[in-house]
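Below, each chain spelled out in residue letters.
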Amino acid sequence: MPRAKSALKTKELNPDYVRMYYEHQYDRIKKHEDQALAISNIVLTISALIITFGLNNRQSFGSILILFLPVVIIIANLFAILYIRDSATWIKSHRMRSKRILETYIPELFVLDSETIAPHKKRPVGRRRFQNLIHVLFIALATILILLFTLEAFGVSII
């Protein structure tokens, strides 16, 4: 992608249009982050409800349903992880686009933006990775439940 800008285009371009386009990219980022957080919250709530209430009444459910509930937890949490990953790809695209706008039309601000490091970049586990780790924890818990229910069905007692 060529980095050279046309002097004619820069002079004719309305600065309000540049600002509006830049802000639009961050509005789109905000929407992606909000949607990913909403999906994550819904899946975590459903998973916690299944563990709390669905598995509490093991005797009233059949053996097939008691194995089905952890599978639902696994599938829902995998869906959430994939959705967060897809959302992160779109966020990166919008962020790159907004930085390109700065680089092309406001180079001084681009230099300032690239020289400063955000505090969240210094931490090894960010918000998105922490979200994914919670979903992985629920997947691991559901896998352990499936293993325990299967062993119990074959008469093997762990406790």
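Thresholds, definitions, all that
Residues take numbers from 1 onward in each chain, read along the sequence in its written order. Owing to the predicted nature of the model, reporting of local features is limited to residues with pLDDT of at least 70; listing and counting of side-chain atom pairs is limited to 80 or more, with chain, interface and lining totals taken over all residues. Note that the side-chain values use all heavy atoms of the structure and ignore hydrogens as well as water. Helix numbering and strand numbering both begin at the N terminus, where a helix is a DSSP run of H or I of at least 4 residues and a strand a DSSP run of E of at least 2. In what follows, residue pairs with any heavy atoms lying within 4.5 Å of each other are defined as contacts. Each accessible area is a Shrake-Rupley result for a 1.4 Å probe, and residues are judged covered by the shown protein chains and nothing else. Among buried residues, the Ala, Val, Leu, Ile, Met, Phe, Trp, Tyr and Cys ones that are joined through side-chain atoms within 4.5 Å form a nonpolar core. Any residue under 20% of the maximum accessible area for its type is buried, any over 50% is exposed, and the rest in between are partly exposed; the area is computed with a 1.4 Å probe on protein chains only. Salt bridges are identified by distance alone: a Lys or Arg side-chain nitrogen within 4 Å of an Asp or Glu carboxyl oxygen. For a helix, the expected span equals 1.5 Å multiplied by the residue count minus one. Scored from 0 to 100, pLDDT records how confident the predictor is in each individual residue. Stacked, tilted and edge-to-face are the three classes applied to pairs of Phe, Tyr and Trp rings, where Trp contributes its six-membered ring and a pair requires centres within 6.5 Å; stacked means planes under 30 degrees apart, edge-to-face means over 60, and tilted covers the rest.

Our focus in this paragraph is the overall build of the protein chain. Within the protein chain, the secondary structure is distributed over five helices and zero strands. The secondary structure elements of the protein chain, listed N-terminal to C-terminal, are α-α-α-α-α. For the protein chain, the share of sequence-separated contacts (at least 6 apart) that also reach a separation of at least 24 residues comes to 82%. Surface summary for the protein chain: the accessible area is close to 11500 Å², and the carbon and sulfur share equals 67%.

A word on the nonpolar core. Membership of the largest hydrophobic core comes to 13 residues, with the highest contact counts inside it found for Leu55, Ile73 and Phe149. When residues of this core are traced back to their parent elements, those giving at least two are helix H2 (15-54), helix H3 (63-105) and helix H5 (127-153). Each residue touching Ile73, except ones within four places of it in the same chain, is listed here: Ser47, Ile50, Ile51, Phe138 and Ala142.

With that settled, consider the pattern of salt bridges. In total, this model carries six salt bridges according to the counting rule given. With a shortest N-O distance of 3.4 Å, Arg19 and Glu23 are connected by a salt bridge. Highlighted residues: Arg19 and Glu23, both in helix H2, separated by four residues, approximately one helical turn. For Asp113, the salt bridge identified is with Lys99, shortest N-O distance 2.4 Å. One end of the pair, Asp113, is in helix H4 (residues 107-115); the other, Lys99, is in helix H3, with 14 residues separating them in the sequence. Residue Lys99 is classed as partly exposed on the basis of its relative accessible area, which comes to 27%. Overlapping salt bridges bring together Asp16, Arg19 and Glu23 as one network.

Every α-helix winds through 3.6 residues per turn, so residues three or four apart in the chain are directed the same way. Here H2 is 40 residues long and its end C-alpha atoms lie 57 Å apart, about the 58 Å a rise of 1.5 Å per residue gives. Listed in full, the buried residues belonging to H2 are Val18, Gln25, Ile29, His32, Ala36, Ser40, Val43, Leu44, Ser47, Ile50 and Gly54.

Per-chain confidence: the protein chain averages 84 in pLDDT, with 84% of residues scoring 70 or above. Across the protein chain, the element-wise mean pLDDT spans from 53 in helix H1 (residues 7-12) up to 92 in H2.

So, on to the packing of aromatic side chains. Tallied over the full model, the rule gives two aromatic pairs. Ring geometry for Tyr22 against Tyr26: centres 5.3 Å apart, planes inclined by 55 degrees, an arrangement best described as tilted. Taken together, the residues Tyr22 and Tyr26, both in helix H2 and four residues apart, mark about one turn of the helix. Note on Phe79 and Tyr83: the rings are 6.2 Å apart at their centroids and 40 degrees apart in plane angle, and the pair reads as tilted. Residue Phe79 and its partner Tyr83 are located together in helix H3, separated by four residues, close to a single helical turn. Using a relative accessible area of 46% as the deciding quantity, one classes Phe79 as partly exposed.

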